[in-house]
Amino acid sequence: MGVPFLPVRGILGSAYLQVNPRFRVMADPFSGEELAAVQALTPNVTLIHAARGDEQGNILIPRVSDWGLAVTASRIVIATVEERLPGPLQDQPEWRLIPAIHLTALVHCPGGAAPTGYPGYYPQDAAHLANYLKSSREAASFTRYLEEHVWGREG
């Protein structure tokens, strides 16, 4: 939206105001009502995994998500997709169209959300995620995890 902050009500009274310096309490200049001001974020890069992409660079994401906000707020957006279709894609009841104008790059990457799941494609891999959590407790075991599952992977 190009503004430095937005007023919100939902976090008043929560711990967010104590732990996040991007949130401040302010008075509405019109009514005097107490609101939280939330500082705007403008990510340099957003990586997103989508369901489908077409040859024109459009993607479909789950309709019930905040991913569209991240895409439109970012300077650079790289999308990976489960399926690459000829297109053109269109909005669907459960999928929202993100037009190519918001994307910097589109990559066909089936299984790209793994080991987490992706709605309509595959469930999360609970055993792998448990291994990840266990490995992440110590630097040496996490380095071994990265060598085995991230850095050393091909394909």
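Structure shown above.
What you see is a predicted model, and the numbers here were worked out from it, not measured in a lab.

How two helices pack is summed up by the angle between their axes together with the distance between the axes. At a minimum axis separation of 8 Å, helix H3 (residues 126–135) and helix H4 (residues 139–151) run at an interaxial angle of 140°. Relative to H4, H3 is oriented oblique. Residue-level contacts link His-128, Asn-131, Tyr-132, Lys-134 and Ser-135 of H3 to Ser-141, Phe-142, Tyr-145 and His-149 of H4.

Two elements, strand S4 (residues 45–54) and strand S5 (residues 59–62), share two bridges in a ladder whose sense is antiparallel. Bridge pairing links Gly-53 to Ile-59 in S5. The antiparallel pairing of S4 with S5 creates a hairpin that spans four residues between the two strands, and Gly-57 there sits at a positive phi of about 100°. Where S5 lies against strand S7 (residues 95–98), four bridges are found, and the strand directions are antiparallel. Within the sheet, the bridge partner assigned to Pro-62 lies in S7 and is Trp-95.

Grouped together as the largest cluster of nonpolar side chains are 17 residues, with contacts concentrated most on Ile-48 and Ile-59. For this core, the elements supplying multiple residues, two or more each, are S4, S5, strand S6 (76–85) and S7. If we skip the residues at most four places from it in the chain, Ile-59 touches Ile-48, Ala-50, Arg-52, Gly-53, Ala-79, Val-81, Leu-89, Arg-96, Leu-97, Ile-98, Leu-103 and Leu-106.

This part takes up the sheet that holds strand S2 (residues 23–27). The three strands lie next to each other as S1-S3-S2, forming an open sheet whose pairing is antiparallel. The open sheet has two edge strands with one neighbour each: strand S1 (5–8) and S2. Here the average twist between neighbouring strands, direction ignored, is 35°.

Conventions we followed
The numbers attached to residues start from 1 for each chain and follow its sequence in the written order. Per-residue local features are limited, in this predicted model, to residues with pLDDT of at least 70; the limit for side-chain atom pairs, both in listing and counting, is 80 or more; totals at the level of whole chains, interfaces and linings are taken over all residues. In computing side-chain values, all of the structure's heavy atoms are included and hydrogens and water are not. What counts as an axis is a line fitted to C-alpha atoms, over the stretch in contact for a helix, and the angles between N-to-C directions run from 0 to 180 degrees. To qualify as a helix, a DSSP run of H or I must reach at least 4 residues; to qualify as a strand, a run of E must reach at least 2; elements of each kind are numbered from the N terminus. Geometric relationships in this document are graded by angle, where less than 35 degrees denotes roughly parallel, more than 145 denotes roughly antiparallel, 65 to 115 denotes roughly perpendicular, and other angles denote oblique. In this analysis, two residues are considered to be in contact whenever any of their non-hydrogen atoms come within 4.5 Å of each other. Two strands pair if DSSP finds at least two bridges between them. Here the nonpolar core consists of buried residues drawn from Ala, Val, Leu, Ile, Met, Phe, Trp, Tyr and Cys, with membership extended through side-chain atoms lying within 4.5 Å. A 1.4 Å probe rolled over the protein chains alone gives each residue an accessible area, and that area as a share of the maximum for its type sets the label: buried under 20%, exposed over 50%, partly exposed in between.

Geometric descriptors of this kind do not, in isolation, establish any biological role.
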